[in-house]
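# Descriptive structure summary
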Amino acid sequence: MNELTSTEPARTRAFLGAGLVLVSCLSVQASAALASTLFDRLGAPAVAGLRQLCAALVLMVLVRPRVRGHTRRAWAGMVLYGAAMAVMNVAFYCAVGRLPLGVAATLLYLGPFVVAVASARAWREALLPAVGLAGVVLVTEPGGTVEWAGIAFGLLSALALACYTVFAQRVGRASSGLEGLALSVCVSALLLLPFSLPAAPSVSGADWGLVAVSGTVGVALAFTLDFQAVKMATARVVATLFSLDPVMGALIGALALAESLSAPVLLGMGLIVSAGAVATWRAEALPATPVRSGTGRPWHGNGQDHRSEAG
């Protein structure tokens, strides 16, 4: 897989990365729908913390990362990466508890979208933020019944995801394999212990099963896929490929949670996703420096950073 990052044509790497991101988006949104059934009993922050804890245990067992031997700079990157994960997960889950899954996923996508557009080199791409903004306005349904606290949490999750994409490559360059990712997830789980530990005694056996599945699929698997996707495509391309998240969220929300979306919301989602698709194609059409297998890390390819899960 590492050889593909340097020997295959850029377009081929982009499509291979897109396949990984597709599975990642599905994992994030499916696990979010699954975890949302626990919000009423445990609260979104507690569910997010328990999910990260399970994911950390899974990655520690599978990856067995070295705790010693990392530089201060490497640890700083992993702490910031983990902090971004923690904020992103809590904010996204709080948004999911107040908004339809598709709307929350659309707002979350604004983070990588901004990262992708900010690294654009063609002037035409400057029009894309305006399209995305129009989509956000429609998604928030001004004057409608959308809960503004949910919108605020959604925008916070987007900001955290943008930071997540920036620190991901830095962590990747400072460590080999999946060590940096595993340790960053552990940092995230530790930061969320104030939420997860008090809730642990109230978690039933069945609830633990849901948390374990959600953490394994929505964090451990999804973040690993995202991590590998950035090695195959540029960070800008992977960032914009997260436009799949709102679509997955809307579909899963409709099928699994019986959520209905109005015509303006669907139109707004369509504008954001379309803008992301255009940004993806334009970004890949421009020259990019491939990430070397020894230093490449999730999310970034040309010094830019980019997911998924949430979830």
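Residues numbered from 1 in each chain as written. Predicted model: local features only at pLDDT ≥ 70, side-chain atom pairs only at ≥ 80, totals over all residues. Heavy atoms only, no water.

### Overview of helix α9 (residues 179–191)
- For α9, which comprises 13 residues, the first-to-last C-alpha distance of 19 Å matches the rise-based estimate of 18 Å (1.5 Å per residue) to within 8%.
- Counting buried positions over the 13 residues of α9 gives 11, a clear majority of the element.
- For α9, the complete set of buried residues consists of Glu179, Gly180, Leu181, Ala182, Leu183, Ser184, Val185, Cys186, Val187, Ser188 and Ala189. (Helix = DSSP H or I, 4+ residues; strand = E, 2+ residues; numbered from the N terminus. Expected span 1.5 Å × (residues − 1). Buried < 20%, exposed > 50% of the residue type's maximum accessible area, 1.4 Å probe, protein only.)

### Re the nonpolar core
- Tyr81, Phe92, Tyr93, Tyr164, Val185 and Phe223 are the most contacted members of the largest nonpolar core, which has 53 residues in total.
- The biggest single contributor to this core is helix α5 (residues 72–96), with 12 residues.
- Among the nonpolar cores identified, the runner-up in size contains 16 residues, and Val103, Leu107, Val139 and Ala158 belong to it. (Core = buried A, V, L, I, M, F, W, Y, C linked by side-chain atoms within 4.5 Å.)

### Description of the pattern of salt bridges
- Counting across every chain of the model gives two salt bridges.
- Linking Glu179 and Arg66 is a salt bridge whose minimum nitrogen-to-oxygen distance equals 3.2 Å. Of this pair, Glu179 sits in helix α9 while Arg66 sits in the loop between α4 (44–63) and α5; the two residues are 113 residues apart in sequence, bridging distant segments of the chain.
- A residue is classified by how much of its surface remains accessible, and Glu179, at 11% relative accessible area, is buried. (Salt bridge = Lys/Arg side-chain N within 4 Å of Asp/Glu carboxyl O.)

### Description of unusual backbone geometry
- Located in the positive-phi region is Arg64, a residue other than glycine, with phi close to 50 degrees.
- Summarising the element assignment, Arg64 is placed in the loop between α4 and α5.
- For Arg64, a relative accessible area of 69% translates into the label exposed.

### A few points about the packing of α4 against α5
- It is at 8 Å that the axes of α4 and α5 come closest, and there the two elements cross at 135 degrees. Between α4 and α5, the angle is such that the two are oblique. The handedness of the crossing between α4 and α5 is right-handed. Contact residues: α4 offers Ala44, Pro45, Val47, Ala48, Arg51 and Gln52, while α5 offers Met85, Asn89, Val90, Tyr93 and Cys94. (Axes fitted to C-alpha atoms, helices over the stretch in contact; angles between N-to-C directions. Parallel < 35°, antiparallel > 145°, perpendicular 65-115°, else oblique. Left-handed = near helix turned anticlockwise from the far one by under 90°. Contact = heavy atoms within 4.5 Å.)

### Concerning the packing of aromatic side chains
- Under the defined criterion, the tally for this structure stands at four aromatic pairs.
- A ring pair is formed by Tyr81 and Tyr164, whose centres lie 4.9 Å apart and whose planes are at 50 degrees; its orientation type is tilted. On the criterion of sequence distance, the pair formed by Tyr81 in helix α5 and Tyr164 in helix α8 (residues 148–174) is long-range, its members being 83 residues apart.
- Note on Tyr164: relative accessible area 0%, which makes it buried.
- For the ring pair Phe92 and Tyr93, a centre distance of 6.2 Å and an interplane angle of 50 degrees mean the geometry is tilted. (Phe/Tyr/Trp six-rings, centres within 6.5 Å; stacked < 30°, edge-to-face > 60°.)

### Considerations on the environment of Ala258
- Tracing the backbone through its elements, the reader meets Ala258 in the loop between α13 (244–256) and α14 (263–285).
- Measuring from C-alpha to C-alpha, the distance between Ala258 and Pro100 comes to 9.7 Å, with 158 residues separating the pair along the chain.

### A look at the packing of α4 against α9
- Interhelical geometry of α4 versus α9 gives an angle of 150 degrees and a closest axis separation of 8 Å. Classified by the angle their axes make, α4 and α9 are roughly antiparallel. You can see that α4 and α9 cross each other, and the crossing is left-handed. Contacts between α4 and α9 involve Gln52, Leu53, Ala55, Ala56, Leu59, Met60 and Val63 on the former and, on the latter, Glu179, Ala182, Val185, Cys186, Ser188 and Ala189.
- Here the contact of α4 with α9 is built from residues that sort into 10 nonpolar, two polar and one charged. (Nonpolar A, V, L, I, M, F, W, Y, C, P; charged D, E, K, R; others polar.)

### Section: the confidence of the model for the chain
- Overall, the predicted model of the chain reaches an average pLDDT of 75, with 71% of residues at or above 70.
- Scored below 50 in pLDDT, residues 1–7 makes 14 contacts in the model with residues more than four places away or belonging to other chains. (pLDDT = per-residue confidence, 0-100.)

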